[in-house]
Structures are given as structure tokens and as C-alpha cells.
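Secondary and tertiary structure notes
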Amino acid sequence: MKIRAITEWLKKANDYVTNVYNAPYRSAIARAKRDEDDLFMLLVFSELMGVPNPASYYTLELQPLLLERFHDWHLRMGMEHSPLDGFRCC
């Protein structure tokens, strides 16, 4: 019984220390992830915007999966309206 209580306390202490250590880096990690996602969205939708993409054959099947996030992406990139002619999201 005592060993189980000590194990639980050590798990809680480990979670607390991990959160305290990672706290200053959360915003930097989130920003890096968002930048990486933005670059990936550009790669997937570049052919539709007129930018030649050598990997368009492989990224074409990802477009339906990313259309839900497309509106937020083009607003973050500074485009007020959708840059795609056949797709209006605004």
C-alpha cells in the first residue's frame, strides 16, 4: 500500500516538474508547429495557386482533408479572400 502511494506521488511530481520545465517553451513550440503547418498547406495548395509543385501528384489526395483548415490558413497568410478561383470559403 505504501509503495503504491509513493509511486503515485512520484508520478504527480514528475508531471509537475515536466510542466514547469516546458512552460517557457510552449509558445515557441506552438509557433514552430504553426509555421510548419503553414508551409505544408502551401505545398499542398500551391498547384491550385499557380506555383509549380513537383510533388503535386502526391499532395493532391490531401486537399480534401485540409479544406477545413484552409480558411484560417489563408487569413494567417494575409489573404483576405480565398486565392483559389473555384473555392470560395469567405
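See above for the structure.
Values in this document were obtained by computation on a predicted structure and should not be read as measured data. (Residues numbered from 1 in each chain as written. Predicted model: local features only at pLDDT ≥ 70, side-chain atom pairs only at ≥ 80, totals over all residues. Heavy atoms only, no water.)

Side note on the nonpolar core
Grouped burial of nonpolar side chains is what soluble globular proteins tend to show. One finds M41, V44, F45, L66, F70 and W73 forming the largest nonpolar core, which totals six residues. Elements with a contribution of two residues or more to this core: α2 (26-45) and α4 (63-76). Once residues within four sequence positions are removed from consideration, V44 is found in contact with T59, L62, Q63 and L66. (Core = buried A, V, L, I, M, F, W, Y, C linked by side-chain atoms within 4.5 Å. Buried < 20%, exposed > 50% of the residue type's maximum accessible area, 1.4 Å probe, protein only. Helix = DSSP H or I, 4+ residues; strand = E, 2+ residues; numbered from the N terminus. Contact = heavy atoms within 4.5 Å.)

Side note on the side chain of H74
Mapped onto the secondary structure, H74 falls in helix α4. One polar contact links H74 to H71, side chain to side chain, over a distance of 3.4 Å. (Polar contact = N/O pair within 3.5 Å; in protein donor to acceptor, adjacent residues only side chain to side chain.)

Quick notes on the environment of R69
Residue position: R69 is located in helix α4. Each C-alpha atom of the pair R69 and M41 lies 9.0 Å from the other, and the pair is 28 residues apart in sequence.

Side note on the packing of α2 against α4
Two quantities define a packed helix pair, namely the angle between the axes and the distance from one axis to the other. Contact geometry of α2 with α4 gives a least axis separation of 10 Å together with a crossing angle of 115 degrees. Seen from above, α2 lies across α4 with left-handed handedness. Contacts between α2 and α4 involve R34, D37, D38, F40, M41, L42, V44 and F45 from the former and Q63, L66, L67, R69, F70, W73 and R76 from the latter. Across the contact of α2 with α4, the residue classes tally to nine nonpolar, one polar and five charged. (Axes fitted to C-alpha atoms, helices over the stretch in contact; angles between N-to-C directions. Left-handed = near helix turned anticlockwise from the far one by under 90°. Nonpolar A, V, L, I, M, F, W, Y, C, P; charged D, E, K, R; others polar.)

The quantities given are spatial measurements derived from coordinates; they are silent on function.
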